[in-house]
Amino acid sequence: MARNLLGAGYPVTVYARRPEAAAPLAAAGAATAATPAALAAQSDVVVTMVTDTAAVEAVLCGEDGVLAGAAPGTVVIDHSTIDPRGARRLAAQAAERGVVMLDVPVSGGVIGVEARTLVMMAGGPEDVVRSLEPLMRVNAARVIHMGEAGCGQAAKACTQICVVVNQMGVAESLTLAGALGLDQRRLLDVLQGGFGASRILEVQGPKMVARDFTGRIESRLHDKDIHLVLDLARDAGLDLPASAAAASTLRALQQAGGATDDTAAVIRVLEGRRTPPG
């Protein structure tokens, strides 16, 4: 995403918690900063994308965090996937320093980044979202304002249900096909041409058949997301059985050492859950 911004002519300064992660961007023309505070001090807009709520809080609110260096009027766009409640809390802390924080998680994966066709769902003041839409549309085909702070993250949680549960359906279909002696590649053609077709099937199905579990979207991230969904559902008094089943399978994959594998690797877990016939 940062490389796309550079390509679009934006001046970009980067900070990464692992310096080696910033090296390719520095080689592509980005400036570097030693701390988030130093980066914020020279930026009008700060874009963050890290693993979870605790990581966002550390980058923003730590001793050398963004809020320590940001001038009033700075805007923070957080593209991480985190707890909506955490997003609201961090937006309130930012507001105390005169900083506007937008929660703008993304959907579309690595393929969407490369094609610049991500969907971004935004929480925060709508006028600020619209003013920065040209910047965000460098990476996104659509930027959709969902409401006040936290609403972008709430929308992402809903999105992840469709993504993760759909992946489980693809994995179950291919697992049964294998057990029945069907050619899984031919089954993919059937599925993609019928009512079960989906983007997840198109992208993840071939990985499952080819046993290609190289982590483009590591399963640990979907594990984190679907358990966040269940936390939100409990708070709302809802039972989400499909999400709960998906969460159980993803947790089993983590316990089996598949945290850095692509989520397509859930098929390994399902294939190992054989019961005696009859």
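> Explanation requested: the pattern of salt bridges in the structure shown.
When their charged atoms lie close together, side chains carrying opposite charge are able to pair. Using the criterion set out here, one finds 15 salt bridges in the structure. Where Arg18 meets Glu20, a salt bridge forms, and the shortest distance between an N and an O atom there is 3.5 Å. Residue class for Arg18 comes out exposed when judged on its relative accessible area of 52%. For Arg251, the salt bridge goes to Asp223, with nearest N and O atoms at 3.1 Å. Linking Arg251 in helix α14 (residues 241–255) with Asp223 in helix α13 (residues 219–235), this pair joins segments that are 28 residues apart in sequence. With a relative accessible area of 8%, Asp223 lands in the buried category. Via salt bridges that share partners, Asp83, Arg85 and Asp235 belong to a single interconnected network.

> Hey, could you run me through helix α4 (residues 53–61) in this one?
Given 3.6 residues per turn, any residue in an α-helix points the same way as the ones three and four places further on. Residues of α4 that are buried include every one of Thr53, Ala55, Val56, Val59 and Leu60, and no others. Take α4 and look down its axis: the buried residues cluster within an arc of 160°, on one side only. Lining the buried residues of α4 we find α3 (36–41), β3 (45–48), α5 (66–69), β4 (75–78), α6 (84–96) and β5 (100–103).

> I tried to follow α6 on my own but got confused; where do I start?
The end-to-end C-alpha distance of α6, which contains 13 residues, comes to 19 Å, matching closely the 18 Å that a straight helix rising 1.5 Å per residue would cover. When α6 is considered as a whole, its buried residues turn out to be Pro84, Gly86, Ala87, Leu90, Ala91 and Ala94. In a view along the axis of α6, the buried residues occupy a sector of 150°, so they form one face of it. Of the residues trailing α6, Gly98 is marked for its positive phi of about 80°.

> Which parts of the structure should I look at to understand the environment of Ala2?
Along the polypeptide, Ala2 turns up in helix α1 (residues 2–7). Here Ala2 falls in the partly exposed class, since its relative accessible area comes to 23%. Between the C-alpha atoms of Ala2 and Thr13, which are eleven residues apart in sequence, the distance is 9.1 Å. Among all residues touching Ala2, those that are not within four sequence positions of it are Val12 and Leu25.

> Where do I start with empty space enclosed by the protein in this structure?
Over the atoms rolls a probe the size of a water molecule, and its path tells where empty space is left. What the rule picks out here adds up to one cavity of 30 Å³ or more. Roughly 40 Å³ of internal volume is contained in the largest cavity. Broken down by secondary-structure element, the contributors of at least two residues to the lining of the largest cavity are α10 (151–179) and α13. Ranked by residue count, the leading element in the lining of the largest cavity is α10, at four residues. Considered class by class, the residues forming the lining of the largest cavity number three nonpolar, three polar and two charged.

> Any chance you could explain the environment of Gln204 here in plain terms?
Tracing the backbone through its elements, the reader meets Gln204 in helix α12 (residues 199–210). Linking Gln204 and Val170, residues 34 residues apart in sequence, is a C-alpha distance of 7.9 Å. Contact partners of Gln204, with chain neighbours within four places excluded, come to Gln167, Asp262, Thr263 and Ala264. At a separation of 3.1 Å, a polar atom in the side chain of Gln204 contacts the side chain of Lys207. At 2.9 Å, the side chain of Gln204 forms a polar contact with the side chain of Asp262.

> Help me understand the nonpolar core in this model?
Generally speaking, nonpolar side chains in soluble globular proteins are found buried as a group. Counting residues in each nonpolar core, the largest one holds 29 residues, and the members touching the most others are Leu174, Met208 and Val266. Where this core is concerned, the elements lending two or more residues are α10, α11 (184–192), α12, α13, α14 and α15 (266–271). For this core, the element with the highest residue contribution is α10, accounting for eight residues. Once residues lying within four places of it in the same chain are set aside, the contact partners of Leu174 are Gln184, Leu187, Leu188, Gly205, Met208, Val209 and Ile267. Within the second largest apolar cluster, 24 residues are counted, among which are Leu5, Val104, Met136 and Val143.

Calculation criteria
Residues numbered from 1 in each chain as written. Predicted model: local features only at pLDDT ≥ 70, side-chain atom pairs only at ≥ 80, totals over all residues. Heavy atoms only, no water. Salt bridge = Lys/Arg side-chain N within 4 Å of Asp/Glu carboxyl O. Buried < 20%, exposed > 50% of the residue type's maximum accessible area, 1.4 Å probe, protein only. Helix = DSSP H or I, 4+ residues; strand = E, 2+ residues; numbered from the N terminus. Arc of directions from axis to C-beta. Contact = heavy atoms within 4.5 Å. Expected span 1.5 Å × (residues − 1). 1 Å grid on protein atoms, 1.4 Å probe; cavity = no way out; pocket = protein on both sides within 12 Å on 5 of 7 lines; lining within 4 Å. Points joined across faces, edges and corners; volume = space filled by probe spheres on them. Nonpolar A, V, L, I, M, F, W, Y, C, P; charged D, E, K, R; others polar. Polar contact = N/O pair within 3.5 Å; in protein donor to acceptor, adjacent residues only side chain to side chain. Core = buried A, V, L, I, M, F, W, Y, C linked by side-chain atoms within 4.5 Å.

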